[in-house]
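# Examining the three-dimensional arrangement
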Amino acid sequence: MDGGSVSTVDVGVVHFTPLVKAQIQQPFKLVEKVVRNVFQFRRKHCHKGIEKLFPEACRPEMTQEVMQRADVDPALRPTELTIPQIRALADAYAHLCTLEPDLQSYEFREELRLKHLSRQQGTPAATLTDTASGVQSSPPHC
């Protein structure tokens, strides 16, 4: 030991207690998907993450519909959103999912992967089959 140097460590303990009634009355997976998408672009405006909930072909229209239905300023940053605003976004997304059930299973990263594969193979992305499941992949109808 060098004789004069002393280090300290600050420790904190956090205890979480679940609420009796959830603040967002939507399935956990749906809320998690909305929150994950919004916060993946923490430094951008929140509409950037909302966009990724939808296939590229209908992204602008559906993003605008969610933002308007939720009455949330698309220029807010994710860290500026309140719980009621996140609830409104989840509710607006859930509404669109009732109209187009395939949206719930849509993942933008899968669409990117298929586009990349189609460029490599020279085939249209809509005709590619998901090799892991053997299922033909197609984005939800817009």
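Residues numbered from 1 in each chain as written. Predicted model: local features only at pLDDT ≥ 70, side-chain atom pairs only at ≥ 80, totals over all residues. Heavy atoms only, no water.

Quick note on the threshold: UniProt positions are given in the numbering used here, feature names are shortened, and annotations may be inferred rather than shown by experiment.
An unreviewed UniProt entry lists the protein chain under the name Dimethyladenosine transferase 1, mitochondrial, with Takifugu flavidus as the source organism. Taken directly from UniProt, the Subcellular location (unreviewed entry) text for the protein chain runs: "Mitochondrion".

### Quick look at the environment of Glu80
Definition in use: Working definition: helices are DSSP H or I runs of at least four residues, strands are E runs of at least two. Numbering for both runs from the N terminus. Residue burial is assigned from relative accessible area. The probe radius is 1.4 Å, only protein chains are included, and a residue is buried under 20% of its type maximum, exposed over 50%, and partly exposed in between. Polar contact criterion, stated in full: a pair of N or O atoms within 3.5 Å, where within protein one must be able to donate a hydrogen and the other to accept it, and residues adjacent in sequence count only if both atoms are side-chain atoms.
In this fold, Glu80 is placed in the loop between helix H3 (59-70) and helix H4 (83-99). Note on Glu80: relative accessible area 46%, which makes it partly exposed. Considered as a pair, Glu80 and Arg42 are 38 residues apart in the sequence and their alpha carbons are 9.8 Å apart. There is a polar contact of 2.7 Å between the side chain of Glu80 and the backbone nitrogen of Arg77.

### Focus on a nonpolar patch on the surface
The condition is simple: The patch calculation keeps residues exceeding 30% relative accessible area without a salt bridge and links them within 9 Å when they carry like charges or within 5 Å when they are nonpolar (Val, Leu, Ile, Met, Phe, Trp, Tyr). To be clear on the numbers: accessible area is Shrake-Rupley with a 1.4 Å probe, and residue cover counts the displayed protein chains and nothing else. One speaks of a salt bridge when a side-chain nitrogen belonging to Lys or Arg is within 4 Å of a carboxyl oxygen belonging to Asp or Glu.
A grouping of Val9, Val11 and Val13 is seen on the molecular surface, where their side chains present a nonpolar patch of about 380 Å² in accessible area. By the secondary structure assignment, Val9 is in the segment before helix H1 (28-39).

### Description of the pattern of salt bridges
Under the defined criterion, the tally for this structure stands at five salt bridges. In this structure, Glu51 engages Lys48 in a salt bridge whose closest nitrogen and oxygen atoms are separated by 3.9 Å. Of this pair, Glu51 and Lys48 both sit in helix H2 (residues 46-51), three residues apart, which is roughly one turn of that helix. Exposure remark for Lys48: the relative accessible area of 32% places this residue in the partly exposed category. Between Glu110 and Arg113 there is a salt bridge; the shortest N-O distance is 2.7 Å.

### Brief notes about the nonpolar core
The test is simple: To qualify as a nonpolar core, a set must consist of buried Ala, Val, Leu, Ile, Met, Phe, Trp, Tyr and Cys residues joined through side-chain atoms within 4.5 Å. Working rule for contacts: check all heavy atoms of both residues, and any pair within 4.5 Å makes them a contact.
Judged by nonpolar contacts, the single largest core of 26 residues is most densely connected at Val34, Ile50, Phe54, Val72, Leu81, Leu89 and Tyr93. For this core, the elements supplying multiple residues, two or more each, are H1, H2, H3 and H4. With eight residues, the top contributor of residues to this core is H4. Contact partners of Ile50, with chain neighbours within four places excluded, come to Val34, Val38, Thr63, Val66, Met67 and Leu89.

### Some points on unusual backbone geometry
Positive phi, close to 55°, is recorded for Asp71, a residue that is not glycine. Along the chain, the position of Asp71 falls in the loop between H3 and H4. Judged by its relative accessible area of 69%, Asp71 is exposed.

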